[in-house]
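Residues per chain, in single letters:
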Amino acid sequence: MAALTINGQEYALPDDPRTTLLDFLHQHVKLFGAKKGCDHGQCGACTVLVEGERMNACLLLAFQLEGKAITTIEGIATDDGLHPLQQAFVKCDAFQCGYCTSGQICSGVALMSELEQNTPSTVWFESDYSDNEDIKERMSGNLCRCGAYSNIIDAVNIARDNKGVS
Amino acid sequence: MRPFTVNRLTDTQHLNDVDSFENSRFLAGGTNLVDLMKHQIETPDTLVDLSGWESADTIEETDETYQIGAMVSNTDLANFAYRKEDLSLLSQALLSGATVQLRNRATTGGNLLQRTRCYYFYDTNQPCNKRQPGSGCAALDGFNRIHAVLGTSEHCIASHPSDMAVAMAALDAKVKTINPAGNSRHIPVRELYRLPGDTPHIETVLGGDELIVSVDIPKRPRGTQIYRKVRDRSSYAFALVSVACDVTLKDGVIDDVSLAFGGVGTMPWHAKSAEDFLRGKTATSDLYAQACDIELSAARGAGSNDFKIPLIKRTAAFVLEQAVGQQMAHPGHQGAIHAR
């Protein structure tokens, strides 16, 4: 069976090759955490992790993901509780309407692992830059129309500090 | 999205198994093609799916070249290039483009072949010679602030959107391709693209059944490398203008220089006339603007994008001055001026 794995559970690929991963999540798997904002890869509300890397689910055709492991916002928390970034979002009041939040958190979780792996960003070529500027650059694929950006950046900072990421 | 059939390719020999390349498209990461299919700007009957083509997802390093597999993601290539002083330009260009989400998915081959972001190309209610040959160009008398000033024609002024391709042009990379007959060829990135002329829908010299296998960057001593991108916001925006520059200085003389422009051309613009003017001259501040004037002598604005001509001139002159300054202060320097 041609299948992909979502949050640890295997699902058969959709019959129609036009099905995006985002539509597959909504219509076949009934997971509605990843949101459809623009549906064109511009807003980041549909961000999920594919083999740990963040991607826009709206631009992924599901048939291309055979054998891949997908993590959505529903798979970020563990039995032990919320992910440190989820806790930081609550603590920092890092959302207002909440529509972009699942994408922001998936993106931020990947960001923390990218920092642990010393992955460069464009601000690293500047003569001087702050951690906040680095986080803003790395989070630029996630829009928030409520404008909760400053609290989102605070949350990412707290979570990465708690994980000892420098 | 219109219905289509899928052919899966896991090896270039499978090109022979594709029934027909008539109205077919190669599908790599899909960050551009899937979007265009949603808009029904692209309506292929057949997709040749490259997601299982694992041998193209590697970077091979030999004494002479870096061979970047066509399926290497923009993220993986940026990370690799970041740690190579002679490829800094490529890393700077890649990391200035798109978002982490898109770079994780977008591929090296796909980046080269992405389509323009001209508003009228995307708006299927408007005439566009690139989307529908012969229908006209709405950009000529429309909102053309983001459009090209070099290489344009009366049929199309759409700018090429890639940052990576501008760096590849400056680094003189070659695209390696193969077709179903097994014929392989190397095409310099500088010769990959076609000017729009009266056929703006034909964007490259590639055949419809010709697959990019790798992008090969020659290994050679490089100098100070700068990719400077000017845009409306500081992240996740296409270039209004951009400059890719690599300069080496010897005894105060410009020993070698590579220069390419983004955002201003209908294709990634290799500034050969400016390079030829600069090479071998004693480096002085007044040279850079002169070199840009020579390169831009054929530049034509369409109204709202007139500002790009002085902007690219000032940006390129600034970048050249900065790179030469670094070479003077640190003879033999190779790489970015600043890197963590």
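Residues numbered from 1 in each chain as written. Chains lettered and ligands numbered in written order. Predicted model: local features only at pLDDT ≥ 70, side-chain atom pairs only at ≥ 80, totals over all residues.

A. Inspection of the sheet that holds strand E1 (residues 5-8) of chain B at higher detail. Residue and element names in this part refer to chain B. Strand order across the open sheet formed by three strands is E1-E3-E2, with parallel pairing between neighbours. Looking at strand neighbours, the two that pair on one side only are E1 and strand E2 (24-27), the edges of this open sheet. On average, adjacent strands in this sheet sit at an angle of 25° to one another, irrespective of strand direction. Direction of pairing for E1 relative to strand E3 (residues 46-49): parallel, over a ladder of four bridges. Counterpart to threonine 5 in the pairing with E3 is threonine 46. (Pairing = 2+ DSSP bridges. Helix = DSSP H or I, 4+ residues; strand = E, 2+ residues; numbered from the N terminus. Axes fitted to C-alpha atoms, helices over the stretch in contact; angles between N-to-C directions.)

B. Region of the structure containing the domain arrangement of chain B. By the assigned domains, chain B splits into domain 1 (5-50) and domain 2 (224-329). Taking only C-alpha atoms into account, the centre of domain 1 of chain B sits 37 Å from that of domain 2 of chain B. (Domains from an automatic or database assignment.)

C. Molecular detail of the interface of chain A and chain B. Counting from both sides, the interface comprises 27 residues of chain A and, opposite them, 30 residues of chain B. Counting residues per element, the ones that place at least two in the side of chain A that touches chain B are strand E4 (53-56) and helix H4 (131-138) of chain A. Considered class by class, the residues forming the side of chain A that touches chain B number nine nonpolar, twelve polar and six charged. (Contact = placed C-beta atoms within 7 Å. Nonpolar A, V, L, I, M, F, W, Y, C, P; charged D, E, K, R; others polar.)

D. The domain arrangement of chain A, seen in detail. All names here are of chain A. When its domains are assigned, chain A resolves into domain 1 (3-75) and domain 2 (84-165). Spacing between the C-alpha centres of domain 1 and domain 2 amounts to 22 Å. Tallying the contact residues gives 15 residues for domain 1 and twelve residues for domain 2. For the side of domain 1 that touches domain 2, the secondary-structure elements that each account for two or more residues are strand E3 (47-50) and E4. Per element, the largest residue contribution to the side of domain 1 that touches domain 2 is three residues, and it comes from E3. Partitioned by chemical class, the residues of the side of domain 1 that touches domain 2 number seven nonpolar, five polar and three charged.

E. How the structure looks around the packing of helix H2 (residues 84-92) of chain A against helix H3 (residues 101-116) of chain A. Residues and elements named next belong to chain A. The geometry of H2 relative to H3 is characterised by a closest axis approach of 9 Å and an angle of 130° between their N-to-C directions. Considered as vectors, H2 and H3 are oriented oblique to each other. As for how H2 packs across H3, the hand of that crossing is right-handed. Contacts between H2 and H3 involve Leu85, Gln86 and Phe89 from the former and Thr101, Ile105, Gly108, Val109 and Met112 from the latter. Per-class residue counts for the contact of H2 with H3 are five nonpolar, three polar and no charged. (Parallel < 35°, antiparallel > 145°, perpendicular 65-115°, else oblique. Left-handed = near helix turned anticlockwise from the far one by under 90°.)

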